Amino acid sequence: MAKNARLPKKVYERELLRLQAELVKVQEWVRVEGQRVVIVFEGRDAAGKGSTIKRVTQYLNPRMARIVALPAPTERERTQWYFQRYVEHLPAAGEIALFDRSWYNRAGVERVMGFCTNQEYARFLHQCPIFERLLIEDGVLLLKYWFSVSDTEQENRFRSRLEDPMRRWKLSPMDLESITRWEEYSRAKDEMFVHTDIPEAPWYVVESEDKRAARINMIAHLLSTIPYHEVQRPPLALPPRPPSGGYERTPREMQTQVPDHASALA
């Protein structure tokens, strides 16, 4: 495939389905083995993090594979230890937590937009590797992905969202501000990598000019990194339906029915 060519849709869909079937196996392995998995998704605005998370979790049990996307901290949370509100969302045994942005907000948007002090920022860079090593030491499987996209492609995606009423909600003033602060975000990301790209929890960069390829590459890498194996499930069979005991359904006219909108479409 040429460097700038998009992954063909049929190829993409076939491989995505295969990888998603493997993710279901990972989920069962995590459940049976009592594993705890944390996957951090970071990167530029409109780099494809959310759409990738959607494909990762599409066939997983939402009780076991939880998406963590926290809003801005409350006044009370601002007075807590910085990592405290993230700790609350870490997985228990048999769970996977997918962070759609994470504690790395402090090294990105908070740093660039001036939402934290220099002292708070320096403390984060010092404490973050310690925090992540503690998680790993306790048995948590931690994976960190950075989605990389060019300034031109980011602007194209922003423009597409602006023109699409179904996706306009994805854009905020903060997102648009990132266009004028491209180099500042780049410097912040580089400094973040210097301090937090550690052997125990390295950053994995996902090139996401082509969203289809980015999703495939990220999921394939995730599967290659987790030491899972297929767990044999006990066979299931539908039990025979017992004979009727004389139950009669309540007449429909006694209940409030949803109007049959679908029939008007024929």
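Read on for an overview of the structure.

Analysis parameters
Residues numbered from 1 in each chain as written. Predicted model: local features only at pLDDT ≥ 70, side-chain atom pairs only at ≥ 80, totals over all residues. Heavy atoms only, no water. Helix = DSSP H or I, 4+ residues; strand = E, 2+ residues; numbered from the N terminus. Buried < 20%, exposed > 50% of the residue type's maximum accessible area, 1.4 Å probe, protein only. Polar contact = N/O pair within 3.5 Å; in protein donor to acceptor, adjacent residues only side chain to side chain. Contact = heavy atoms within 4.5 Å. Axes fitted to C-alpha atoms, helices over the stretch in contact; angles between N-to-C directions. Parallel < 35°, antiparallel > 145°, perpendicular 65-115°, else oblique. Left-handed = near helix turned anticlockwise from the far one by under 90°. Nonpolar A, V, L, I, M, F, W, Y, C, P; charged D, E, K, R; others polar. 1 Å grid on protein atoms, 1.4 Å probe; cavity = no way out; pocket = protein on both sides within 12 Å on 5 of 7 lines; lining within 4 Å. Points joined across faces, edges and corners; volume = space filled by probe spheres on them. Salt bridge = Lys/Arg side-chain N within 4 Å of Asp/Glu carboxyl O. Phe/Tyr/Trp six-rings, centres within 6.5 Å; stacked < 30°, edge-to-face > 60°. Lys NZ or Arg CZ within 6 Å of the ring centre and 35° of its normal. Disulfide = S-S within 2.5 Å.

1. Describing the side chain of K144
Item 1. Along the polypeptide, K144 turns up in strand 4 (residues 141-148).
Item 2. On the basis of relative accessible area, K144 is assigned to the buried category, the value being 0%.
Item 3. Side-chain polar atoms of K144 contact the side chain of E132, separated by 2.8 Å.
Item 4. Among the polar contacts listed, one links the side chain of K144 to the backbone oxygen of T196, at a separation of 2.8 Å.
Item 5. What K144 contacts, discounting residues up to four positions off in sequence, is V40, Y104, E132, T196, A201, P202, W203 and Y204.

2. Details of the packing of helix 2 (residues 49-57) against helix 10 (residues 211-225)
Item 1. Contact geometry of helix 2 with helix 10 gives a least axis separation of 10 Å together with a crossing angle of 50°. Taken together, the axes of helix 2 and helix 10 are oblique relative to one another. By crossing handedness, the relation of helix 2 to helix 10 is classed as right-handed. Together, S51, T52, R55 and V56 of helix 2 and K211, R215, M218 and I219 of helix 10 make up the contact between the two elements.

3. Observations regarding the packing of helix 6 (residues 118-137) against helix 9 (residues 182-196)
Item 1. Orientation of helix 6 relative to helix 9, taken along the N-to-C sense of each, is 40°, at an axis distance of 9 Å. On the basis of the axis angle, helix 6 is oblique to helix 9. Handedness of the helix 6/helix 9 crossing: right-handed. Residue-level inspection shows Y121, L125, C128, P129 and E132 of helix 6 in contact with helix 9, the latter providing E191, M192, H195 and T196.
Item 2. Here the residues of the contact of helix 6 with helix 9 sort into five nonpolar, two polar and two charged.

4. Brief notes about empty space enclosed by the protein
Item 1. Summed over the entire model, instances satisfying the criterion amount to one cavity of 30 Å³ or more.
Item 2. The volume enclosed by the largest cavity comes to roughly 70 Å³.
Item 3. Secondary structure elements with two or more residues in the lining of the largest cavity: helix 1 (9-33), strand 1 (36-43) and strand 3 (95-100).
Item 4. Looking at the lining of the largest cavity, its residues break down into ten nonpolar, no polar and no charged.

5. Things to note about the pattern of salt bridges
Item 1. On inspection of all chains with the given rule, the structure shows 21 salt bridges.
Item 2. With a shortest N-O distance of 2.8 Å, E155 and R159 are connected by a salt bridge. Here E155 and its partner R159 are both found in helix 7 (residues 151-162), four residues apart, which amounts to about one turn of the helix.
Item 3. E183 serves as the salt-bridge partner of R187, at 3.3 Å between the closest nitrogen and oxygen. Of this pair, R187 and E183 are both found in helix 9, four residues apart, which corresponds to roughly one turn of the helix.

6. Considerations on the packing of aromatic side chains
Item 1. This structure, assessed with the given rule, holds 19 aromatic pairs.
Item 2. Look at Y82 and Y86: their rings are 5.8 Å apart centre to centre, the planes differ by 55°, and that puts the pair in the tilted class. Across the pair, Y86 and Y82 agree in class, each one buried.
Item 3. An angle of 90° between the planes, with centres 5.7 Å apart, marks the rings of Y82 and F124 as edge-to-face. Here the residue Y82 occupies a position in the loop between helix 3 (75-78) and helix 4 (84-87), and F124 occupies one in helix 6, the gap between them amounting to 42 residues.
Item 4. With a relative accessible area of 2%, F124 lands in the buried category.
Item 5. Cluster of aromatic residues (ring-pair linked, three or more members): W81, Y82, F83, Y86, F99, W103, Y104, F124, F131, W146, F193 and W203.
Item 6. Against the face of W182 rests R44, its NZ or CZ located 3.5 Å from the ring centre.
Item 7. Its guanidinium or amino end placed over the ring of F193, K189 lies 4.5 Å from that ring's centre, counting from NZ or CZ.

7. A short note on the state of the cysteines
Item 1. The final tally for this structure, using the stated rule, is zero disulfides.
Item 2. As a non-bridged cysteine, C128 has C116 as the owner of its nearest cysteine sulfur, 13 Å distant.

Note that every value here comes from positions in space, so none of it alone points to a role or purpose.
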